[in-house]
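# A structural walkthrough
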Amino acid sequence: PAASAGIVGAMIVAASVHKPNGFAVTKGGYEYPALLGASAVALALTGPGRYSVDALLGDRLNRDWQAGVALVGAAAGAGFVISRRAATLAKQAAAADTADAADTADTADAADTADAAE
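Now for a description of the structure that goes with this document. This one's a predicted model, so the numbers in the text were calculated from it and none came from an experiment. (Residues numbered from 1 in each chain as written. Predicted model: local features only at pLDDT ≥ 70, side-chain atom pairs only at ≥ 80, totals over all residues. Heavy atoms only, no water.)

## Digging into a nonpolar patch on the surface
Taken together, the side chains of Val 25, Tyr 32, Leu 35 and Leu 36 present a nonpolar region at the surface, about 360 Å² in accessible area. One can find Val 25 in the loop between helix 1 (2-18) and helix 2 (31-46). (Patch = residues over 30% accessible without salt bridge, like charges linked within 9 Å, V, L, I, M, F, W, Y side chains within 5 Å. Areas by Shrake-Rupley, 256 points an atom, 1.4 Å probe, with all protein chains shown as cover. Salt bridge = Lys/Arg side-chain N within 4 Å of Asp/Glu carboxyl O. Helix = DSSP H or I, 4+ residues; strand = E, 2+ residues; numbered from the N terminus.)

Next up, the structure:
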């Protein structure tokens, strides 16, 4: 369940990155990450199956409670990454706006100086 939960967390973040492009994968949307995430959730909830390394080991790493804990942890981790990404993007946008405002002011000052020189 932990490996599937890791994939779920990564696909939640990937889907959030592609969300502005809409659903369709042909337009850069979140369809494919959502499909991979849903597949990983299904695997986490149903278990590895009879023909797996987990079955050979006696399902020591596949207890009923582990899937829920792992998926909650993945969702929490994805939420943290998404919030950090949003904060970083906001900071970069603010810095770009400040730089644009400074460039505009410099251009206006240069134009005023050129007008005064004439």
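## What to know about the nonpolar core
Residues Ala 5, Val 8, Ala 40, Ala 44, Ala 70, Leu 71 and Ala 74 constitute the largest nonpolar core, which totals seven residues. Top contributing element to this core by residue count: helix 4 (residues 64-117), with three residues. Sequence-distant contacts of Val 8, defined by excluding residues within four places in its chain, comprise Gly 37, Ala 40, Val 41 and Leu 71. (Core = buried A, V, L, I, M, F, W, Y, C linked by side-chain atoms within 4.5 Å. Buried < 20%, exposed > 50% of the residue type's maximum accessible area, 1.4 Å probe, protein only. Contact = heavy atoms within 4.5 Å.)

## Focus: the layout of surface pockets
If you add up the space inside the largest pocket, you get close to 170 Å³. Around the largest pocket, the lining residues are Pro 1, Ala 2, Ala 3, Ser 4, Leu 43, Ala 44, Gly 47, Pro 48, Asp 54, Leu 61, Asn 62 and Gln 66. Elements supplying a minimum of two residues to the lining of the largest pocket: helix 1 and helix 2. With three residues, helix 1 is the largest single contributor of residues to the lining of the largest pocket. Looking at the lining of the largest pocket, its residues break down into seven nonpolar, four polar and one charged. (1 Å grid on protein atoms, 1.4 Å probe; cavity = no way out; pocket = protein on both sides within 12 Å on 5 of 7 lines; lining within 4 Å. Points joined across faces, edges and corners; volume = space filled by probe spheres on them. Nonpolar A, V, L, I, M, F, W, Y, C, P; charged D, E, K, R; others polar.)

## Brief notes about the packing of helix 1 against helix 2
Here helix 1 crosses helix 2 at 160°, and the two axes come no closer than 8 Å. Relative to helix 2, the element helix 1 is oriented roughly antiparallel. Viewed along their axes, helix 1 and helix 2 form a crossing whose handedness is left-handed. Two secondary-structure elements touch here, helix 1 through Ser 4, Ile 7, Val 8, Met 11, Ala 14, Ala 15 and His 18 and helix 2 through Pro 33, Leu 36, Gly 37, Ala 40, Val 41, Leu 43 and Ala 44. (Axes fitted to C-alpha atoms, helices over the stretch in contact; angles between N-to-C directions. Parallel < 35°, antiparallel > 145°, perpendicular 65-115°, else oblique. Left-handed = near helix turned anticlockwise from the far one by under 90°.)

Keep in mind that these numbers describe shape and distance, not what the molecule does.
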